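Examining the three-dimensional arrangement
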Amino acid sequence: MTSLYTQLVSKVLFRLHERLKGHTTYSMLHRLEQSQWLTPEQIAALQQQRLEAFIADISQHSRYYQQLFAAQGLSASDIRTVADLSKLPFLTKQLITDNQHTLCSEPQTQLQRYNTGGSSGVPLIFYMGEARVSHDVAAKLRATRWWGVDIGDPEVVLWGSPIELGKQDRIKKIRDELFRSYLLPAFEFTPAHIEAYLQQLQQLKPRMLFGYPSVIHQLALAAEARQLSLSKLGIKVVFVTSEMLFEHQRTVIERVFACPVANGYGARDAGFIAHQCPAGSLHISAEDIIVEIIGDNGQVLPVGETGEIVITHLQTQAFPFVRYRTGDMGQLSNTPCSCGRGLPVLAHVSGRTTDFMLTTAGDKLHALSLIYVLRDLKEIRQFKIIQQSLQEVEVQLVCNEALSDTLAAQIISQFQQRLGAECQITLKQLDVIASLPNGKHRYVESKLDY
Ligand SMILES: [Zn+2]
């Protein structure tokens, strides 16, 4: 049941707000809400049409792509299908940084500048035109509505991005109050902060939560430890994004808040790529975003194989993102979703390419296999695994109770089974594990260069 206030916000205020900012969000949303029900073939045809128009546009208006097409002896008509994209090189963070000005399309429209740290710690500066901003907001709104909630419903955002926090000026505050979106900064997560957040949640009684899975998971665990029941707050859905969502986190969050967790995959740089529907599939916003999965040598992999996610965002005419390497690993699926939407599906996103460790034999091991060892132990509240070298791995632990010698020996033995018997495993008990400057938590970190 949508409240009158939510209807007012959704139907009037937010539309007005977007129009005043020059965004075409609502016309895009209208278009997206219709196209999601097309068949996969119809969506692919629509995507191809948009790809052709996009390539024609950037090959004329972006100096970087003008030069690239000329250098490679290509014309816009050579890039008609998704398969044709492989004629073009990848775009990397380094290339964007080096070619910031030539990438911008002429004549220049009003561009918003973004500066993101990214979990790799390498800063990336890039620009967004109006079409892209509107698209990303519209795609997010569409996915929000899949869950029976809408903008204007009270929302608590647990976020740590400096972009959002930098805008905490008066206007943003008024806007957020109007739209009933409340930000709790996730930079710091001390017991005192957790206490305050839990109190605020109970006062605000939001219909939706939004934030990093690691942060919401910690909050849920803290509530349980205090025997605080949050299941009757009326939260309908918890949206998580920006980090990999682990199944153990989903289980805890769903139990504590008594509502489903909806996973989203996207980032400020790559766009709003995919969002989970209530039937469980991670649907790609395929009308405007093309996902390719590539192997170690840059070759395009078939559906069902895992590789790096590369995206082409068709609303980036003003500052093109073509075959942009996200650094995330994932896999496409061709199993149709029971929700009836024709949007293609990401089978899974398995974290950053950097979420891997090397065994002493030099083999790549997904860090998940180490995380499995620790995640279900009731003695352990938080952890971080750091690969110092091939022979040395440090496991930082925040414990609920002191580890027995038997348990410590078991953990070490299980790590050695996976990493190699010669690997030296050090367990280090800490009071707190610091999050990254942007508030995210990294479960694994490798100091190896490979
Ligand atoms: Zn679905």
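Preceding this section is the structure that the text describes.
Overview of the structure. Note that the coordinates shown come from a computational prediction; the quantities given were computed from them, not determined experimentally.

For the protein chain, the helix and strand inventory stands at 14 helices and 19 strands. Classification of the 450 residues of the protein chain by burial places 52% in the buried group. Considering only residue pairs separated by 6 or more positions, the protein chain has 68% of its internal contacts joining residues 24 or more positions apart.

Moving on, we come to the coordination of the zinc ion. For a metal with four donors in a tetrahedral arrangement, the ideal angle between donors is 109.5 degrees, while six donors in an octahedron ideally sit at 90 or 180 degrees. Surrounding the zinc ion are the protein donor atoms C277 (SG), H283 (NE2), C337 (SG) and C339 (SG), which sit 2.1 to 2.3 Å from the metal. Between the four donor atoms coordinating the zinc ion, the angles at the centre fall across 105 to 118°, so the site counts as tetrahedral. The sequence pattern describing where the donors of the zinc ion fall on their chain is C-x5-H-x53-C-x1-C. Residue H283 is found in strand β9 (residues 282-284), and its partner C339 is found in the loop between β12 (321-333) and β13 (345-352); the two are separated by 56 residues along the sequence.

Turning next to the packing of helix α11 (residues 213-225) against helix α12 (residues 247-257). Where α11 meets α12, the closest approach of the two axes is 9 Å, and the angle between their N-to-C directions is 50°. Compared by their axis directions, α11 and α12 come out oblique. The handedness of the crossing between α11 and α12 is left-handed. Where α11 abuts α12, its residues P213, S214, I216, H217, A220, L221, A223 and E224 lie against H248, Q249, V252, I253, R255, V256 and F257.

It is worth spelling out the pattern of salt bridges at this point. This model, assessed by the stated rule, comprises 19 salt bridges. Across the salt bridge formed by D288 and R31, the nearest N and O atoms sit 3.6 Å from each other. Here D288 is found in the loop between β9 and β10 (289-294), whereas its partner R31 is found in helix α2 (residues 25-35), with 257 residues between them in sequence. Note that R226 is salt-bridged to E195, the shortest N-O span being 2.9 Å. Highlighted residues: R226 in the loop between α11 and β6 (237-240) and E195 in helix α10 (residues 191-204), separated in sequence by 31 residues. Taken together, the shared-partner salt bridges connect R31, R50 and D288 into one network.

This part takes up the nonpolar core. In terms of nonpolar packing, the biggest core is built from 98 residues, with Y65, L88, I96, V238, F257, V291 and L346 touching the most fellow members. Per element, the largest residue contribution to this core is six residues, and it comes from α11. For I96, the contacting residues outside a window of four places in its chain are L91, L103, L124, I125, F126, F319, F321 and Y324. Residues M244, A367, V373 and L407 belong to the second largest nonpolar core, which totals 25 residues.

According to the stated counting rule, one finds six aromatic pairs in the structure shown. Ring geometry for Y127 versus F319: centroids 5.6 Å apart, planes at 55°, classification tilted. Note that Y127 is positioned in strand β2 (residues 124-128) and F319 in the loop between β11 (307-313) and β12, a separation of 192 residues in sequence. By relative accessible area, Y127 is classed as buried at 15%. Take F319: its relative accessible area is 1%, and that puts it in the buried class. Grouped by ring-pair contacts, the aromatic residues Y114, F126, Y127, F319, F321 and Y324 constitute a single cluster. Between K140 and the ring centre of F210, over which it is positioned, the NZ or CZ distance is 4.7 Å.

By the burial criterion, the buried members of helix α4 (residues 63-72) are Y64, Y65, L68 and F69. The buried side chains of α4 occupy one side of the element, clustering within an arc of 125° when seen end-on. Among the exposed residues of α4, those oriented more than 90 degrees off its buried face are A70 and A71. Once α4 finishes, G73 follows within two positions and takes phi at roughly 65°, a positive value.

Moving on: the sheet that holds strand β18 (residues 424-429). Across the sheet, four strands lie side by side as β18-β17-β16-β19; this open sheet has mixed pairing. Where the open sheet ends on each side, the last strands, each with one partner, are β18 and β19 (444-446). When the angles between neighbouring strand axes are averaged without regard to direction, this sheet yields 15°. One ladder, built from six bridges, connects strand β17 (residues 392-399) with β18; its direction is parallel.

A few words now on helix α14 (residues 405-419). Think of an α-helix as 3.6 residues a turn; residues three or four steps apart then line up on the same face. Compared with an ideal rise of 1.5 Å per residue, which puts 15 residues at 21 Å, α14 spans 21 Å between its outermost C-alpha atoms and is within 8% of the ideal. Three or more residues of α14 are buried, namely L407, A408, I411, F415 and L419. Projected down its long axis, α14 carries its buried residues within an arc of 105°, all on one side. In this structure, α14 carries D405, T406 and Q417 as exposed residues pointing more than 90 degrees from its buried face. In the segment just after α14, G420 is the residue with positive phi, at about 120°.

Turning our attention to the side chain of Q249. Within the secondary structure, Q249 sits in helix α12. Among residues more than four places away in sequence, those in contact with Q249 are P213, S214, H217, M244 and Y443.

About the thresholds
- Residues numbered from 1 in each chain as written.
- Predicted model: local features only at pLDDT ≥ 70, side-chain atom pairs only at ≥ 80, totals over all residues.
- Heavy atoms only, no water.
- Helix = DSSP H or I, 4+ residues; strand = E, 2+ residues; numbered from the N terminus.
- Buried < 20%, exposed > 50% of the residue type's maximum accessible area, 1.4 Å probe, protein only.
- Contact = heavy atoms within 4.5 Å.
- Donors = N, O, S within 2.8 Å, 3.2 Å for Na, K, Ca; no water.
- Tetrahedral: all angles 85-135°; square planar, octahedral: opposite > 155°, others 65-115°.
- Axes fitted to C-alpha atoms, helices over the stretch in contact; angles between N-to-C directions.
- Parallel < 35°, antiparallel > 145°, perpendicular 65-115°, else oblique.
- Left-handed = near helix turned anticlockwise from the far one by under 90°.
- Salt bridge = Lys/Arg side-chain N within 4 Å of Asp/Glu carboxyl O.
- Core = buried A, V, L, I, M, F, W, Y, C linked by side-chain atoms within 4.5 Å.
- Phe/Tyr/Trp six-rings, centres within 6.5 Å; stacked < 30°, edge-to-face > 60°.
- Lys NZ or Arg CZ within 6 Å of the ring centre and 35° of its normal.
- Arc of directions from axis to C-beta.
- Pairing = 2+ DSSP bridges.
- Expected span 1.5 Å × (residues − 1).

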